[in-house]
Amino acid sequence: MFLYFCIKINRKFIFMNNKTQTSRIVAVASIIILAAAMRLIPHWPNFTPIAAIALFGGTMLTKKWMAFIIPIGAMFISDLIIGMHGYMFAVYISFFLTVFLGTRISKNPRFANVLGTSVASSLLFFIITNFAVWLGSPFYAQSFAGLITCYSAGLPFFNDGSLGISFLMNGLIGDLFFNGIFFGAFYLASRRIPALSRV
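Parameters and conventions
Residues numbered from 1 in each chain as written. Predicted model: local features only at pLDDT ≥ 70, side-chain atom pairs only at ≥ 80, totals over all residues. Heavy atoms only, no water. Patch = residues over 30% accessible without salt bridge, like charges linked within 9 Å, V, L, I, M, F, W, Y side chains within 5 Å. Areas by Shrake-Rupley, 256 points an atom, 1.4 Å probe, with all protein chains shown as cover. Salt bridge = Lys/Arg side-chain N within 4 Å of Asp/Glu carboxyl O. Helix = DSSP H or I, 4+ residues; strand = E, 2+ residues; numbered from the N terminus. Buried < 20%, exposed > 50% of the residue type's maximum accessible area, 1.4 Å probe, protein only. Expected span 1.5 Å × (residues − 1). 1 Å grid on protein atoms, 1.4 Å probe; cavity = no way out; pocket = protein on both sides within 12 Å on 5 of 7 lines; lining within 4 Å. Points joined across faces, edges and corners; volume = space filled by probe spheres on them. Nonpolar A, V, L, I, M, F, W, Y, C, P; charged D, E, K, R; others polar. Phe/Tyr/Trp six-rings, centres within 6.5 Å; stacked < 30°, edge-to-face > 60°. Contact = heavy atoms within 4.5 Å. pLDDT = per-residue confidence, 0-100.

Together, Leu 40, Phe 76, Ile 77, Leu 80, Ile 81, Ile 82 and Met 84 make up an exposed nonpolar region whose accessible area comes to about 690 Å². You can see Ile 77 is positioned in helix α3 (residues 64–82). Among the residues examined, Ile 77 registers a relative accessible area of 52% and is labelled exposed.

Written out as structure tokens, the structure reads:
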């Protein structure tokens, strides 16, 4: 009788745990898919939720394979609609690394951790994508001086006095903005809906 009771309680716990995990996965995936769709509407140059999608997914999806597959899948589908360019491999490398950074803070997603990782992911994106431009562009000398020139040119990119501050700063501000929205909204929702809390 005691053994039967223990098995019943254990089954109930597993069912509730799976239900909680499913609710959390659905909520996080919905935010990621919505964020990817936001790339399709007009926006400030480089002010997109790309890095925020990666960081949020990496932090909030407890299953590591989902943490990579769901954000990268959403990103890829939106890229198929928007169109690819010659440096997509660099974008996806930085995206993958940002998901990885998210998994590193997943057990302790405090404000300071999210803020620091958000800034790090913005800098990572800038460094990797501009390195790829330098590597594949005939406009820059294939030397250290050429690389520095490429990075210097990337700083004021898109800055025409009306569209924003710069390629780097627009990305940084966009990442902080969208991470604030995603993490803030999810935190508030999890306070009201216990099923969204980490299990």
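For helix α5 (residues 111–136), which comprises 26 residues, the first-to-last C-alpha distance of 38 Å matches the rise-based estimate of 38 Å (1.5 Å per residue) to within 8%. The set of residues buried in α5 consists of Val 114, Thr 117, Ser 118, Ser 121, Ser 122, Phe 125, Phe 126, Ile 128, Thr 129, Asn 130, Ala 132 and Trp 134.

To locate leftover empty space, one rolls a probe as large as a water molecule over the atoms. In this structure the tally under the stated criterion is two cavities of 30 Å³ or more. What the second largest cavity holds in volume is close to 30 Å³. Among the secondary structure elements, those contributing two or more residues to the lining of the second largest cavity are α2 (50–60), α4 (88–104) and α5. Of the residues belonging to the lining of the second largest cavity, the class tally is five nonpolar, three polar and no charged.

Inspection of the entire model under this criterion finds nine aromatic pairs. Ring centres of Phe 56 and Phe 186 lie 5.8 Å apart, and the angle between their planes is 75°; this geometry places the pair in the edge-to-face category. Of the two residues, Phe 56 is situated in helix α2 and Phe 186 in helix α7 (residues 167–192); the sequence distance between them amounts to 130 residues. A network of ring pairs unites the aromatic residues Phe 56, Phe 177, Phe 178, Phe 182, Phe 183 and Phe 186 as a single cluster.

Moving on: the side chain of Ser 122. Its location among the elements puts Ser 122 in helix α5. For Ser 122, the contacting residues outside a window of four places in its chain are Leu 168, Gly 171, Leu 172 and Asp 175.

The element α2 is largely enclosed, with a buried count of eleven among its eleven residues. Those residues of α2 not exposed but buried are Ile 50, Ala 51, Ala 52, Ile 53, Ala 54, Leu 55, Phe 56, Gly 57, Gly 58, Thr 59 and Met 60.

This part takes up the environment of Met 60. Considering the arrangement of structural elements, one finds Met 60 in helix α2. Measuring from C-alpha to C-alpha, the distance between Met 60 and Ile 25 comes to 8.4 Å, with 35 residues separating the pair along the chain.

Take the side chain of Ser 94 next. Turning to its location among the elements, Ser 94 is positioned in helix α4. Classification of Ser 94 as buried rests on a relative accessible area of 2%. With sequence-adjacent residues up to four places away left out, Ser 94 is seen in contact with Leu 124, Phe 125 and Ile 128.

Regions with low pLDDT should not have their predicted coordinates read in detail. Scored by pLDDT, the protein comes out at a mean of 79, with 80% of its residues at no less than 70. Summarising per-element confidence for the protein, the mean pLDDT is lowest in helix α1 (residues 2–38) (59) and highest in α4 (92).

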